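Tertiary structure, described
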Amino acid sequence: MREQAFLERLYRSLFRIRRVEEEIAEVYPADKIQSPIHLSIGQEAISVGVCEALRPEDVVFGSYRSHALYLAKGGDLKGMIAELYGKATGVAKGKAGSMHLIDAAHGVMGASAVVATTIPLAVGYAYACQAQGKKSVVVSFFGDGAVEEGAFHESVNFAAVKKLPILFICENNGYAILSPQKNRQALDNIPERIRAYGMPAERIEANDLFQTYDRSKEAVDRIRQGKGGPHFLECRTYRWRDHVGPGEDFHLGYRTRAEAEPWMAGDPLAQMSAMLEPSARQRLEQEVKAEIHEAFEFAEQSPFPDHEELYTDVFREP
Amino acid sequence: MARTVAQTIKDVTRKHLEENQGLFLGQCVAAVGWIGGTVPEMTEQEGIVELPAADVAGPGIAVGAALVGRRPIFTIRYQGFMWYNAASLLNYAAKSKEMWGIPCPIFVRAIAMEGGVGPVASNCHHGMVMRMPGMPVAAPMTPEEWLSVWDWFMSHDDPLYVSEHRRSFLIDYEMEPRIHRRADFSLLAISAARLNALEAVKLLEKEGIVCDLIHLLWLKPFPVTPVMLESLRSAGQGLVVDSDFEIAGASRSIAYELMHAAGVPVHALGLEDRTSGFAPQCDNPTPPVGKIVRRVKELLTSRSSLKKVVPT
């Protein structure tokens, strides 16, 4: 039996991410958001389940689809929305946009537009933490497309050899952009391949929030105790919206609405909603909506960066 | 006996690992002569990290360590491998401070060599890095130059691309500029081309052609100095010689800057626009001494003929 506070925490995080992204999608056609967006709607349970198992001092690295990860790890909401608007108050002063969110103070060490490129960074971060005796656990998030990259294989090999304090999370939504996994990988056996590197690896089916949390918690606790090094979780999930953009893309023909429907029917947000007392749920939702409204207002009211900002943080003359 | 460049790098690396909690990362560090004798024979516990054959992830691992503040030295044993190693260095380390305000100080030792090393491993490739914002580039060839570049790295929070050349490793002297009161020609040289240019200048002097020779250490940002401008204006034209490709390379980029700053023609000479082969006849080395001599003479001749038809 899960504690009510735990359930409320998970629901709040899920609902917050979903509402933030729905609001982004609503605002997007007005052209106020200055960068391309890759929404996580449908995939939130992975980030929420994993990050619930982490401590503030733990560190995550993400991919270009990292709104959910950023928020689940505690990234600043106002700074995120302002960043999407390209405003000076954004987490990267409007320079980075949706695909490069960062909030180092909350352990979000950054995301990148290029597939698989933050995986070795996470491994290097874990290596240095281990060498310095830090107790932080590093978590590397990436999609199923990244598993095909050389950088991924080189990274997991190194992590296994050095028994690094890192948890690899493969958010397998079945598509690399628009290409289905079966067209890209001969076998649907990612964990099996990872185990060949000498690292425990397992699959979590169907957006299972509780299993994601339980397996992550066990892995993170073991890693933190210095017992045996890295761990790999393949988390099966499904993207509801466009690969990039605010809408749906079933009309493109590379997938069908019928394929999506079972995932939508099993939406963890709806399942969690049913587990809460209605009054508690409504209270949480009102709080979250007010916070989101405030964050968008903040972004709207914030100034664009001055032209002089173009020359800040650049390197100095030798 | 004076200290060589290799010994200088080795000593600085040892001190960095022992005193600064620094890291050294690279492939095959211990296997083949500790990278030309430039790496101290230390253990992983002491900071030497042997990376697997991970050309794409290896630099990313070093960049990750840089984010923790270990100021890693990352070594690319053949500079041509930068084409594989570039992703994390140029797409993350170079942008991190400007985009996120988070410095990523990593010292990239990219080592060039030449002479039968084939299509991938040959010579310098600093030009590809120069076009990426956020990554300063230097090409030291002497012990003091290498030390000055290291001091710059340790006093800044930026990544730094150091284009080393194996031909520098045994150098145990400094190279001063050769400036004359009324030189016929102004030569400016980068990396191993400096050694060839030095020999070319001696040959040209035997034929009565007096050349200034200015050694270029910093490629980006490129400091245009009064000495360069005076030499170029006095000689009336110049030539930048480099161990990297000429087209879209450092030599043309710097020649362009100098031409506009000095108001006289400045030409470029670098590697030819073709792949290096392993066989000597297929190689694409730093412009050899004879080629530099010929180019200088051609330019002097063409300037003379130009003067005849275009009154100044």
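These notes cover the structure that comes with them.

Conventions used here
Residues numbered from 1 in each chain as written. Chains lettered and ligands numbered in written order. Predicted model: local features only at pLDDT ≥ 70, side-chain atom pairs only at ≥ 80, totals over all residues. Heavy atoms only, no water. Helix = DSSP H or I, 4+ residues; strand = E, 2+ residues; numbered from the N terminus. Rg over C-alpha atoms; globule rule 2.2 N^0.38 Å. Buried < 20%, exposed > 50% of the residue type's maximum accessible area, 1.4 Å probe, protein only. Contact = heavy atoms within 4.5 Å. Areas by Shrake-Rupley, 256 points an atom, 1.4 Å probe, with all protein chains shown as cover. Pairing = 2+ DSSP bridges. Axes fitted to C-alpha atoms, helices over the stretch in contact; angles between N-to-C directions. Parallel < 35°, antiparallel > 145°, perpendicular 65-115°, else oblique. Left-handed = near helix turned anticlockwise from the far one by under 90°. Nonpolar A, V, L, I, M, F, W, Y, C, P; charged D, E, K, R; others polar. Salt bridge = Lys/Arg side-chain N within 4 Å of Asp/Glu carboxyl O. Buried area = accessible area lost by both parts, 1.4 Å probe. Polar contact = N/O pair within 3.5 Å; in protein donor to acceptor, adjacent residues only side chain to side chain. Core = buried A, V, L, I, M, F, W, Y, C linked by side-chain atoms within 4.5 Å. Phe/Tyr/Trp six-rings, centres within 6.5 Å; stacked < 30°, edge-to-face > 60°.

Now for the overall build of chain A. What chain A contains, in helices and strands, is 11 helices and eight strands. Scaling as 2.2 N^0.38, a compact globule of 318 residues should have a C-alpha radius of gyration of about 20 Å, and chain A matches this with 19 Å. If you line up chain A on its principal axes, its C-alpha atoms span 60 × 50 × 45 Å. In chain A, buried positions account for 58% of the 318 residues. The contacts of chain A with a sequence gap of at least 6 include a subset with a gap of at least 24, amounting to 74%. Here chain A displays about 12,900 Å² of accessible surface, and carbon together with sulfur accounts for 52% of that area.

All names here are of chain A. Taken in spatial order, the six strands of this open sheet run β2-β1-β3-β4-β8-β7, and their pairing is parallel. Here the strands that pair on one side only, and so sit at the sheet edges, are β2 (108-111) and β7 (201-204). Between one strand and the next, the sheet's axes are offset by a mean angle of 15°, whatever the strand orientation. Where strand β1 (residues 59-62) and strand β3 (residues 138-143) come together, three bridges link them in parallel fashion. By the bridge assignment, Phe 61 is partnered in β3 with Ser 140.

Residues and elements named next belong to chain A. Among the secondary structure elements, Ser 98 is positioned in the loop between α4 (77-84) and β2. For Ser 98, a relative accessible area of 1% translates into the label buried. For Ser 98, the residues in contact, after removing those within four places along its chain, are Ser 35, Pro 36, Ile 37, His 38, Tyr 64, His 67 and Leu 84.

A few words on the packing of helix α1 (residues 5-19) of chain B against helix α7 (residues 143-154) of chain B. Residue and element names in this part refer to chain B. Running from N to C, α1 and α7 point in directions that differ by 25°, and their axes come no closer than 8 Å. Judged by the angle between their axes, α1 and α7 are roughly parallel. Here α1 and α7 pass one another in a crossing that is right-handed. Along its contact with α1, which presents Val 5, Thr 8, Ile 9, Val 12 and His 16, the element α7 presents Pro 143, Trp 146, Leu 147, Trp 150 and Met 154. Residues belonging to the contact of α1 with α7 are distributed by class as follows: eight nonpolar, two polar and no charged.

What follows is about the pattern of salt bridges. Residues and elements named next belong to chain A. Within this structure, the stated rule accounts for 46 salt bridges over all chains. Ionic pairing is found between Asp 188 and Arg 203, a salt bridge with its closest N-O pair at 3.0 Å. Highlighted residues: Asp 188 in the loop between β6 (179-180) and α7 (190-195) and Arg 203 in strand β7, separated in sequence by 15 residues. Here the residues in one salt-bridge network are Asp 188, Arg 203, Glu 205, Glu 234 and Arg 236, joined through shared partners.

A few words on the interface of chain B and chain A. With 40 residues of chain B at the contact, the number on the chain A side is 37 residues. At the boundary of chain B with chain A, total buried surface from both sides reaches about 3,100 Å², with 67% on carbon and sulfur atoms. Put simply, chain B and chain A have one salt bridge between them. Residue Glu 44 of chain B is joined to Lys 162 of chain A by a salt bridge in which the shortest nitrogen-to-oxygen separation is 2.6 Å. The tally of links from chain B across to chain A stands at eight residue pairs in polar contact (both at pLDDT 80 or more). Elements with a minimum of two residues in the side of chain B that touches chain A: β2 (48-51), α3 (57-67), α4 (82-100) and β9 (218-220) of chain B. When residues in the side of chain B that touches chain A are grouped by element, the largest group, eight residues, is from α3 of chain B. Split by residue class, the side of chain B that touches chain A holds 22 nonpolar, nine polar and nine charged.

Here we come to the packing of helix α1 (residues 4-27) of chain A against α4 of chain A. Residue and element names in this part refer to chain A. Viewed as axis vectors pointing N to C, α1 and α4 meet at an angle of 20°, and their least axial separation amounts to 12 Å. The orientation of α1 with respect to α4, classified from their angle, is roughly parallel. For the pair α1 and α4, the crossing hand works out as right-handed. On α4, the residues that touch Arg 16, Val 20 and Ile 24 of α1 are Leu 77, Met 80, Ile 81 and Leu 84.

Let's shift gears to the sheet that holds β2 of chain B. Residue and element names in this part refer to chain B. Pairing in this open sheet of seven strands is mixed, and the strands run β2-β1-β3-β4-β6-β5-β9 from one edge to the other. At either margin of the open sheet sits one strand with a lone partner, and together these are β2 and β9. The pairing of strand β5 (residues 137-138) with strand β6 (residues 160-165) spans two bridges and is classified as parallel. Counterpart to Val 137 in the pairing with β6 is Tyr 161. Here α3 sits on the sheet and contacts β1 (24-27), β2 and β3 (73-76); the angle it forms with β3, its principal contact strand, is near 170°.

Let's shift gears to the nonpolar core. If you look at the biggest cluster of nonpolar residues, it comprises 86 residues, and the most contacted ones within it are Phe 61, Phe 168 and Phe 232 of chain A. With 65 residues, the next largest nonpolar core counts Leu 10, Ile 37, Leu 84 and Tyr 175 of chain A among its residues.

This paragraph deals with the packing of aromatic side chains. Overall, the coordinates contain 21 aromatic pairs over all chains when judged by the stated rule. Arranged with centres 4.9 Å apart and planes meeting at 55°, the rings of Phe 6 of chain A and Tyr 213 of chain A form a pair that is tilted. On the criterion of sequence distance, the pair formed by Phe 6 of chain A in helix α1 and Tyr 213 of chain A in helix α8 (residues 209-224) is long-range, its members being 207 residues apart. Comparing Phe 6 of chain A with Tyr 213 of chain A shows no difference in burial state: the two are buried. A ring pair is formed by Tyr 92 of chain B and Trp 100 of chain B, whose centres lie 5.1 Å apart and whose planes are at 65°; its orientation type is edge-to-face. Pair check on accessibility: Tyr 92 of chain B and Trp 100 of chain B agree, each one buried. By way of ring pairs, the aromatic residues Phe 142, Phe 152, Phe 168 and Phe 232 of chain A are connected into one cluster.

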